[in-house]
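Chain by chain, the residues run as shown.
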Amino acid sequence: MTEIAGMLDTGIARSRALLPSPPSYWSYSSLKEIEACPRRFALARATYPDLWDGRGYPSLPSTRALFGDVVHSTLEVVVKALAEAGVESPQAVEATMVLRDLGGITAVVEEVVTKQLAPLEGNPRVDLDRHRRIARELRAQIPDARVQVQTYLSRTVLVPRPSASSDMRDGSAAARGGQPTRRALGKGSHAEAVLVADELRLLGRVDLLTISGVSVDIVDYKTGVEAPGHHEQLRLYALLWDADRQANPARLPAASLTVAYRDRDVDVPVPSSADLDALRVAVSALIEYADVELKSTLPTPLPSPANCERCAVRHLCAAYWDESTQELTAIGDGEWFDYEGKIGKQNGQRSWWVIDPETGIQRLLLRTTSATPPFATGDHVRLLGLRHELDPETNAPVALLTAASEVFQVVSS
Ligand code: SF4
């Protein structure tokens, strides 16, 4: 990787990167990402003018991840509508009217699915086949998404607000860096409550924050499997709530923190004021570390199997190819792996040798599902997501380039 006129040459075709500067405000997820691997954070959020006009490096969406986003986004829409209408419970008669105005839960899910699929159109990592497959799979899961949303709603408790309030919209404006007039959050349930700790440069968006008297309850919906990081995130929300002088001028303490999973709610112990002080110090140190990394010419890579296995920018990361890719002999039948090499001579209608770029020795027999693969003899490539195949008749490792695999051209070392 080299730096030319402020741009980072990643060595991959059309992937010169303009790395990001530290943001005005950090969020919990951003801090966790940069803590795990500063290089990944920077590469994923860099600008790639030769590749596309989009923000960051194009993601490689999976139907599973998009399904979770669909359930979460639908919940956001429905809970916000119920909270703003002053409904006490999604089971109340008034809730039926709100849901009818929305067109029903299925209609909201369909609308969210359409919104989730729209960005795939301009995504250079998503070809037509992949786009169609994801769209087909996601649409087939609309009934499941509706059932999941209903499951979360069945356990949701809301407190009506005395009057319609615009405080949430004001908070959202703050998150976008506008000139907001943020206000104190009043009694009642507030969906998507944006909390800001100016002195820490930290913000977060709480799925559901309910103020009833002096009791403040914070709920975060999670569509994936349970993880300790979710508890940490809730504790951070408690810190944000404590530190947000505009949303919480009276410094009402948080009374409960709940992670709402599909099948159960998990209570997270509310941090004491000493815990909050310790958390404030830890977050402040993490933000300082994150700022230093993003101000450096090349943020630090932290290669490890756990970090790199699913890294969406690993093809751009020299540290991964130098240190973390597996030896061919260590890969078992049916396992997925990545490989860098040069395309050698064609072996059959749908197979090519991949050779060592330096020695020219044949290392891997690459089979494809198409007779017109996205490479040519002589290309230096990084191949992501190959499937190892056992072939007793071939005296070399064999791999299959599947529809899910990706091929990236290496243009400089
Ligand atoms: S491949 Fe590994 S080291 Fe490189 S950016 Fe990704 S997570 Fe970090």
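The residue numbers shown here count from 1 along each chain, following its written sequence. In keeping with the predicted nature of the model, local features appear solely for residues at pLDDT of at least 70, side-chain atom pairs appear and are counted solely at 80 or more, and the whole-chain, interface and lining totals rest on all residues. Working from all heavy atoms in the structure, the side-chain values ignore hydrogens and water.

**A short note on the overall build of the chain**
Runs of H or I in DSSP of at least four residues are treated as helices and runs of E of at least two as strands, each being numbered from the N terminus. What the chain contains, in helices and strands, is 12 helices and 13 strands. Dimensions of the chain, computed from the C-alpha atoms along their principal axes, are close to 75 × 45 × 35 Å. Here's how the labels work: a residue is buried when its accessible area is under 20% of the maximum for its type, exposed when over 50%, partly exposed in between, all with a 1.4 Å probe on protein chains only. Per-residue burial for the chain yields a buried fraction of 48% across its 413 residues. Across the chain, contacts joining residues at least 24 apart in sequence account for 64% of those joining residues at least 6 apart. Under the convention used here, a 1.4 Å probe and the Shrake-Rupley method define accessible areas, while residue burial counts only the protein chains that appear. Carbon and sulfur atoms make up 51% of the accessible area of the chain, which amounts to about 20,300 Å² in all. His residues and chain termini do not enter the charge count, which takes Lys and Arg as positive and Asp and Glu as negative. We put the charge of a Lys on NZ, of an Arg on CZ, of an Asp on CG and of a Glu on CD. Charge-centre separation for the chain: the mean point of 44 positive side chains lies 3 Å from the mean point of 54 negative side chains. The contact rule is simple, with two residues in contact once any of their heavy atoms fall within 4.5 Å.

**So, the site of the ligand**
Near the ligand the following residues occur: Cys37, Arg39, Arg40, Pro301, Leu302, Pro303, Asn307, Cys308, Cys311, Arg314, Cys317 and Tyr320. At the level of secondary structure, the elements contributing two or more residues to the shell around the ligand comprise helix H2 (38-45) and helix H11 (305-308). For the shell around the ligand, a count of residues per class yields eight nonpolar, one polar and three charged. Definition of nearness: a residue and a molecule or strand are near each other if at least one heavy atom of the residue lies within 4 Å of the molecule or strand. When residues are sorted by character, Ala, Val, Leu, Ile, Met, Phe, Trp, Tyr, Cys and Pro go into the nonpolar class, Asp, Glu, Lys and Arg into the charged class, and all the rest, Gly among them, into the polar class.

**Section: unusual backbone geometry**
Its identity as a non-glycine residue notwithstanding, Glu192 has a phi of 55°, on the positive side. Take Glu192: it is sitting in strand S4 (residues 188-197). On the accessibility criterion, Glu192 (13% relative accessible area) is buried. One non-glycine residue, Arg251, lies in positive phi territory at about 50°. You can see Arg251 is positioned in the loop between helix H9 (228-243) and strand S7 (254-260).

**Thoughts on the sheet that holds strand S10 (residues 351-355)**
For two strands to be treated as a pair, DSSP must find at least two bridges joining them. An order of S9-S10-S11-S13-S12 is seen for the five strands of this closed barrel, with the pairing classed as mixed. The average undirected angle you get between the axes of adjacent strands in this sheet is 55°. A fitted line through C-alpha atoms serves as each axis, taken over the contacting stretch for helices, and the angle formed by two N-to-C directions is quoted from 0 to 180°.

**Let's talk about the pairing of strand S11 (residues 362-368)**
The sheet contact formed by S10 and S11 spans five bridges and is antiparallel. Considered in S11, the bridge of Trp352 is made with Leu366. Linkage of S10 to S11, two consecutive antiparallel strands, is achieved through a turn of six residues, within which Gly360 is found at a positive phi near 80°. The pairing of S11 with strand S13 (residues 398-409) spans four bridges and is classified as parallel. For Leu366, the partnering residue across the bridge sits in S13 and is Ala399.

**So, the sheet that holds S4**
Two strands in a sheet stick together by hydrogen bonds in their backbones, pointing the same way (parallel) or opposite ways (antiparallel). Read across the sheet, five strands follow the order S4-S5-S6-S7-S8 without closing on themselves; strand pairing throughout is mixed. Bordering the open sheet on either side are S4 and strand S8 (265-268), each of which pairs with just one other strand. Along the sheet, successive strands turn relative to each other by an average axial angle of 35°, direction set aside. Across the sheet, helix H3 (residues 63-84) touches S4, strand S5 (202-212) and strand S6 (215-221), and the angle it forms with S4 is around 115°.

**Description of the pattern of salt bridges**
Oppositely charged side chains are able to pair whenever their charged atoms sit close together. The rule for a salt bridge is simple: a side-chain nitrogen of Lys or Arg has to be within 4 Å of a carboxyl oxygen of Asp or Glu. Overall, the coordinates contain 24 salt bridges when judged by the stated rule. Ionic pairing is found between Arg382 and Glu340, a salt bridge with its closest N-O pair at 3.0 Å. Highlighted residues: Arg382 in strand S12 (residues 380-389) and Glu340 in strand S9 (residues 336-348), separated in sequence by 42 residues. A network of salt bridges, in which partner residues are shared, links Asp242, Arg251, Asp277 and Arg280.

**Brief notes about the confidence of the model for the chain**
Across the chain, the average pLDDT comes to 92, with 93% of residues at or above 70. On a range of 0 to 100, pLDDT expresses the predictor's confidence in each residue. The secondary structure element of the chain with the lowest average pLDDT is helix H8 (residues 167-175), at 44, and the one with the highest is S8, at 98. Here residues 164-179 scores under 50 on pLDDT; set against residues more than four positions off or in separate chains, the count is 28 contacts.

**Considerations on the environment of Val259**
Along the chain, Val259 turns up in strand S7. The exposure class assigned to Val259 is buried, which follows from its relative accessible area of 0%. C-alpha separation for the pair Val259 and Pro357, spaced 98 residues apart in sequence, amounts to 50 Å. Not counting residues within four places of it along the chain, the set of residues in contact with Val259 comprises Asp220, Lys222, His230, His231, Leu234, Arg264, Asp265, Val266 and Val268.

**Considering the domain arrangement of the chain**
When the domains of the chain are assigned, the result is domain 1 (58-156), domain 2 (159-277) and domain 3 (325-409). Residue ranges assigned to each domain were obtained from an automatic or database domain assignment. Computed from C-alpha atoms alone, the centre-to-centre distance between domain 1 and domain 3 is 39 Å.

**Regarding the packing of aromatic side chains**
The geometry of an aromatic ring pair is captured by two quantities: the separation of the ring centres and the angle between the planes. Stacked, edge-to-face and tilted are the three classes for Phe, Tyr and Trp ring pairs, Trp counted by its six-membered ring, which pair at centre distances within 6.5 Å; planes under 30 degrees apart are stacked, over 60 edge-to-face, the rest tilted. Taken as a whole and judged by the stated rule, the model has five aromatic pairs. Ring centres of Tyr152 and Tyr221 lie 5.9 Å apart, and the angle between their planes is 90°; this geometry places the pair in the edge-to-face category. In this pair, Tyr152 is assigned in helix H7 (residues 142-154) and Tyr221 in strand S6, connecting sequence segments 69 residues apart. Residue classification places Tyr221 among the buried residues on the basis of a relative accessible area of 5%. Judged by centre distance (5.3 Å) and plane angle (90°), the ring pair of Trp352 and Phe375 falls under edge-to-face. Here Phe375 lies in the loop between S11 and S12 and Trp352 lies in strand S10, a separation of 23 residues in the sequence. Taking relative accessible area as the criterion, Trp352 reaches 6% and is therefore assigned buried.

**With respect to the packing of H3 against helix H5 (residues 105-117)**
Packing of H3 against H5 leaves a shortest axis separation of 9 Å and a crossing angle of 130°. In this view, H3 runs oblique relative to H5, as classed from their interaxial angle. Two packed elements cross with a definite hand, and for H3 against H5 that hand is right-handed. Judged by residue contacts, Leu66, Asp69, Val70, Ser73, Thr74 and Val77 of H3 engage Ile105, Val108, Val109, Val112, Val113 and Gln116 from H5. These descriptions rest on fixed angle ranges, namely under 35 degrees for roughly parallel, over 145 for roughly antiparallel, 65 to 115 for roughly perpendicular, and the rest for oblique. By definition, turning the near helix anticlockwise from the far helix through less than a right angle yields a left-handed crossing, and turning it clockwise yields a right-handed one.

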